[in-house]
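A look at the structure
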Amino acid sequence: MEKRTATIARTTKETSIRLDLNLDGRGMAENITTGVPFFDHMLTLFSVHGFFDLDIAAQGDIAVDAHHTVEDLGLVLGDALAQAIGDRKGIRRYGHAVTPMDEALSTVTVDLSNRPYLVFQAPSVLTRQGNSLTCLAKEFFRAFATRGGMNLHIQVAYGENEHHIIESIFKSTGRALSEAVGFDARIRTVRSSKGTL
């Protein structure tokens with residue numbers, strides 16, 4: 001089987017990012033450095049629970065705030081996903097995961113349809129204005145869904161602690177995406193009645 005990997009580098013006046021992704025890995029995430037420690041932790045969880053090998057070296061204008069770094073990483077990770085899955089032949093296309101983290105419960109559903117869309121339903125603590133990662137999570141997932149060509153639905157049923165809520169979202173996203181990129185021997189081309197995605 002051909003390796004499903006991607007290496008993406010992106011440099012702007014605000015950020016410089018290099019990212020390596022292996023969709024068929026073992027969940028190795030030992031070299032993730034974004035300058036935002038909590039974000040490093042969340043990306044590690046995404047990698048481990050999705051069984052993706054992920055290396056990230058990012059520098060951004062975090063002296064201003066984390067916004068550009070978080071959003072641009074969503075763009076780069078989405079580009080890497082799209083490149084690594086290629087023509088999308090043989091993949092399940094759909095993935096779904098429900099993940100608890102203490103008092104928080106998140107559901108993530110993915111369709112690798114090549115028609116980007118994000119639904120992000122979360123407690124107001126995550127949707128207020130601000131520049132912490134908890135407030136920027138929606139921006140990350142919007143960028144990731146857009147560049148990755150996925151319909152991504154994130155729903156948090158309940159939760160009080162911001163850390164726990166975000167953690168359950170990232171874990172669920174890794175698990176759902178792992179299912180969606182997995183192969184099914186019954187799918188000979190792409191999983192679509194139209195014959196194309």
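A brief look at the structure comes next. Because the structure is a prediction, the values reported are computed rather than measured.

Focus on the overall build of the protein
Along the backbone of the protein there are five helices and eight strands. Sequence-ordered secondary structure for the protein, helices as α and strands as β, is β-β-β-α-β-α-β-β-β-α-α-β-α. Referenced to the eigenvectors of the C-alpha coordinate spread, the extents of the protein come out at roughly 50 × 35 × 30 Å. Per-residue burial for the protein yields a buried fraction of 51% across its 197 residues. Relative to all contacts within the protein whose residues are 6 or more apart in sequence, the contacts with residues 24 or more apart total 77%. Of the roughly 9300 Å² of accessible surface on the protein, a fraction of 48% belongs to carbon and sulfur atoms.

Considerations on the pattern of salt bridges
Where charged atoms of side chains with opposite charge meet at close range, the side chains can pair. On inspection of all chains with the given rule, the structure shows eight salt bridges. Here Arg93 makes a salt bridge to Asp111, at a shortest N to O gap of 2.6 Å. Of the two residues, Arg93 is situated in the loop between helix H2 (67-85) and strand E5 (94-101) and Asp111 in strand E6 (residues 104-111); the sequence distance between them amounts to 18 residues. Residue classification places Arg93 among the buried positions, given a relative accessible area of 7%. A salt bridge links Arg186 to Asp184; its shortest N-O distance comes to 2.7 Å.

Some points on the side chain of Ser113
By the element assignment, Ser113 lies in the loop between E6 and strand E7 (117-121). In this structure Ser113 comes out as buried when scored by relative accessible area, which is 1%.

Observations concerning the sheet that holds E6
Spatial ordering of the open sheet is given by E5-E6-E8-E7, a layout of four strands whose pairing is mixed. Both edges of this open sheet fall to E5 and E7, since each of them pairs with a single strand only. This sheet shows a mean twist of 10° between the axes of neighbouring strands, independent of strand direction. Pairing of E5 with E6 involves eight bridges; the strand directions are antiparallel. The residue bridging Ala97 from the neighbouring strand is Val108, located in E6.

Rules behind the numbers
- Residues numbered from 1 in each chain as written.
- Predicted model: local features only at pLDDT ≥ 70, side-chain atom pairs only at ≥ 80, totals over all residues.
- Heavy atoms only, no water.
- Helix = DSSP H or I, 4+ residues; strand = E, 2+ residues; numbered from the N terminus.
- Buried < 20%, exposed > 50% of the residue type's maximum accessible area, 1.4 Å probe, protein only.
- Contact = heavy atoms within 4.5 Å.
- Areas by Shrake-Rupley, 256 points an atom, 1.4 Å probe, with all protein chains shown as cover.
- Salt bridge = Lys/Arg side-chain N within 4 Å of Asp/Glu carboxyl O.
- Pairing = 2+ DSSP bridges.
- Axes fitted to C-alpha atoms, helices over the stretch in contact; angles between N-to-C directions.

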